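Tertiary structure, described
Spelled out, the chains give:
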Amino acid sequence: MPSGDIDGNNVVDLGDYFILAGAWYASNPAADIDGSGWVDLEDYFLLSNHWQEAGDPRIGTLSRIADGNSKKRVTTAQRPTAV
Ligand SMILES: [Ca+2]
Ligand SMILES: [Ca+2]
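Residues numbered from 1 in each chain as written. Chains lettered and ligands numbered in written order. Predicted model: local features only at pLDDT ≥ 70, side-chain atom pairs only at ≥ 80, totals over all residues.

Attention now moves to the overall build of the protein. When its secondary structure is counted, the protein shows 4 helices and 0 strands. The helix and strand sequence of the protein, counted from the amino end, reads α-α-α-α. A total of 83 residues make up the protein; the buried ones form 17% of that total. Within the protein, contacts between residues separated by at least 24 positions form 44% of all contacts whose residues are at least 6 apart in sequence. (Helix = DSSP H or I, 4+ residues; strand = E, 2+ residues; numbered from the N terminus. Buried ≥ 20, exposed ≤ 12 C-beta atoms within 10 Å, placed from the backbone. Contact = placed C-beta atoms within 7 Å.)

In structure tokens:
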């Protein structure tokens, strides 16, 4: 799970950002990514550093995200040359 995935959907995205924003300068352990005791700029930087990163590919989130970005490139590269 990427650092910054607050809501646990295995990708760092807008849902995590909203949770962090909602807990801004509070001591919400769920949104306190670095464990400093407060939700502040450090946590925001961690989240932005991992923005749109997906976690464990076994869960399937990674391939779903790749559909929008790199599927074309991957399928071209993996196409069998001779059958
Ligand atoms: Ca998330
Ligand atoms: Ca923190």
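More follows now that the structure is in view.
This part is about the packing of helix H1 (residues 14–22) against helix H2 (residues 41–49). Close contact between H1 and H2 brings their axes to 11 Å; oriented N to C, the two are set at 175°. With respect to their mutual orientation, H1 and H2 come out roughly antiparallel. For the pair H1 and H2, the contacting residues are Asp16, Tyr17 and Leu20 in the first and Asp43, Tyr44 and Leu47 in the second. Its residues assigned to classes, the contact of H1 with H2 comprises 4 nonpolar, no polar and 2 charged. (Axes fitted to C-alpha atoms, helices over the stretch in contact; angles between N-to-C directions. Parallel < 35°, antiparallel > 145°, perpendicular 65-115°, else oblique. Nonpolar A, V, L, I, M, F, W, Y, C, P; charged D, E, K, R; others polar.)

All right, on to unusual backbone geometry then. Despite not being glycine, Tyr25 shows a phi value in the positive range, around 60°. Locating Tyr25 in the fold gives a position in the loop between H1 and H2. Its identity is not glycine, yet Gln52 carries a phi of approximately 65°, on the positive side. Mapping Gln52 onto the fold places it in the loop between H2 and helix H3 (61–69). The exposed category is assigned to Gln52, around which 11 C-beta atoms lie within 10 Å.

Okay, the confidence of the model for the protein next. Low pLDDT marks stretches whose predicted atomic positions should not be read closely. Put simply, the protein has an average pLDDT of 81, and 65% of its residues get 70 or more. Predicted confidence in the protein is weakest over H3, with a mean pLDDT of 50, and strongest over H1, with 97. (pLDDT = per-residue confidence, 0-100.)

Looking now at the environment of His50. The topology assignment puts His50 in the loop between H2 and H3. Judged by the 19 C-beta atoms lying within 10 Å of it, His50 falls in the partly exposed class. For the pair formed by His50 and Gly4, sequence separation is 46 residues and the distance between their alpha carbons is 6.6 Å. Contacts of His50, omitting those with residues within four sequence positions, involve Pro2, Ser3, Gly4 and Val12.

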